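Listed below, chain by chain, are the residues.
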Amino acid sequence: MLKIRVMPTLLFKNFGLVKSVQFDSWRRIGSVMQAVKVYNLREVDELVFLDISATPEGHPPDFETVDEIADECFMPLTVGGGVKSVADVRRLLQVGADKVAINTAAVQNPELIQLAAQHFGSQCVVISIDVKKHSNGTYEVFTHAGTQPTGKDPVMWAKEVESLGAGEILLTSIDQDGTMTGYDIELTRKVSHAVSIPVIASGGAGSYQDMASVLLEGRASAIAAASIFHFTQQTPLEAKHFLNGLGLNVRL
């Protein structure tokens, strides 16, 4: 059985780390390298680095920055933002990424998922799915850093990306992002039940109990979080000890 991973998320926008609330209200919070060095000391399972300005501004992945981060990062590194082609995936892996997250380009060109999986293996391919809940209770996938609706249902899209060869899904609730009021358990449960690949729950963690809830009730395979680790005294290691105390199979 795969062990549950606790994965801090670094959001990168125009040369620095930022915090967002519902994919908006960006606030600068420091340097990437400083954060990486801190997480190196905190027994983090994996690190997620997302350049949220790349796709909206139309520029490619920042390979130079990723290269610098990878040199200092002593844990598996997932990188996303601006990925449009197999060549982008290859270059990110070459400069040190262990996995590559694809979001907008996967929706625009689903064949990219299949090609990336064929070239580099499904274990390298993470499909990032950003989801917003409408007032009528339905869910919709959004692209371009949560700004453009796609008309896609997240459950159906998750099934499709799995069939095309994705190795795992990074599922983010736009509504819960940065609020620290808990994950969208209903959304996570629906997607997790629909696929057999790991689903990483993202968006809303404010406590260790929130993490436990999305794992136990939402059936997530892993948890990603940003604000809780940036703005509170809570740490990934303490989170794992809390989850272990509940009988969850974490890496200690």
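That block above? That's the structure.
Report follows, based on the coordinates. (Residues numbered from 1 in each chain as written. Predicted model: local features only at pLDDT ≥ 70, side-chain atom pairs only at ≥ 80, totals over all residues. Heavy atoms only, no water.)

## Focus: the overall build of the chain
Here is step 1 of the chain: Each helix and strand in the chain was counted, giving 11 helices and 12 strands.
Here is step 2 of the chain: Relative to the globule expectation of 18 Å for 252 residues, the C-alpha radius of gyration of the chain, 16 Å, shows essentially globular dimensions.
Here is step 3 of the chain: On the principal axes, the C-alpha backbone points of the chain span a range of 45 × 40 × 40 Å.
Here is step 4 of the chain: Per-residue burial for the chain yields a buried fraction of 56% across its 252 residues.
Here is step 5 of the chain: For the chain, long-range pairs separated by at least 24 residues make up 65% of all intrachain contacts whose partners lie at least 6 apart in sequence. (Helix = DSSP H or I, 4+ residues; strand = E, 2+ residues; numbered from the N terminus. Rg over C-alpha atoms; globule rule 2.2 N^0.38 Å. Buried < 20%, exposed > 50% of the residue type's maximum accessible area, 1.4 Å probe, protein only. Contact = heavy atoms within 4.5 Å.)

## What to know about the nonpolar core
Here is step 1 of the chain: Judged by nonpolar contacts, the single largest core of 73 residues is most densely connected at I102, I127 and M211.
Here is step 2 of the chain: Residues in contact with I127, not counting those within four places in the same chain, are I102, A106, I113, W157, V161, A166, E168, I169 and L170.
Here is step 3 of the chain: Counting 11 residues, the second largest nonpolar core, distinct from the first, contains V48, I52, I200 and A222. (Core = buried A, V, L, I, M, F, W, Y, C linked by side-chain atoms within 4.5 Å.)

## So, the pattern of salt bridges
Here is step 1 of the chain: Throughout the structure, instances matching the rule amount to 7 salt bridges.
Here is step 2 of the chain: With its nearest N and O atoms 2.9 Å apart, the salt bridge here joins R5 to E168. Taken together, the residues span a long stretch of sequence, with R5 in strand β1 (residues 5–13) and E168 in strand β10 (residues 168–173) at a distance of 163 residues.
Here is step 3 of the chain: You can call E168 buried: its relative accessible area is 4%.
Here is step 4 of the chain: Between K190 and E186 there is a salt bridge; the shortest N-O distance is 3.3 Å. Of this pair, K190 and E186 both sit in helix α8 (residues 185–194), 4 residues apart, which is roughly one turn of that helix.
Here is step 5 of the chain: Using a relative accessible area of 39% as the deciding quantity, one classes K190 as partly exposed. (Salt bridge = Lys/Arg side-chain N within 4 Å of Asp/Glu carboxyl O.)

## What about the environment of G178?
Here is step 1 of the chain: Counting through the fold element by element, G178 comes out in the loop between β10 and α8.
Here is step 2 of the chain: Measuring from C-alpha to C-alpha, the distance between G178 and N136 comes to 23 Å, with 42 residues separating the pair along the chain.

## Section: the pairing of strand β4 (residues 47–51)
Here is step 1 of the chain: Most of β4 sits out of view: 5 of its 5 residues are buried.
Here is step 2 of the chain: The pairing of β1 with β4 spans 4 bridges and is parallel. Paired with T9 across the bridge in β4 is V48.
Here is step 3 of the chain: For β4 and strand β5 (residues 77–80), the ladder comprises 4 bridges, and the chain directions are parallel. Bridge pairing in β5 places L47 opposite L77. (Pairing = 2+ DSSP bridges.)

## Points about the packing of helix α4 (residues 86–94) against helix α6 (residues 111–120)
Here is step 1 of the chain: Following both chains from N to C, one finds α4 and α6 inclined at 40°, their axes separated by 9 Å at the closest point. With respect to α6, the axis of α4 lies oblique. Read as a crossing pair, α4 and α6 show a hand that is right-handed. Across the interface between the two elements, V86, V89, R90 and L93 from α4 touch L112, L115, A116, H119 and F120 from α6. (Axes fitted to C-alpha atoms, helices over the stretch in contact; angles between N-to-C directions. Parallel < 35°, antiparallel > 145°, perpendicular 65-115°, else oblique. Left-handed = near helix turned anticlockwise from the far one by under 90°.)

## Some words on α6
Here is step 1 of the chain: L112, I113, A116, A117 and F120 are the residues of α6 that are buried. Along α6, the residues classed as buried sweep out an arc of 130° about the axis, all on the same side.
Here is step 2 of the chain: Positive backbone phi, at 95°, marks G121, one or two positions downstream of α6. (Arc of directions from axis to C-beta.)

Purely geometric numbers; function is a separate question.
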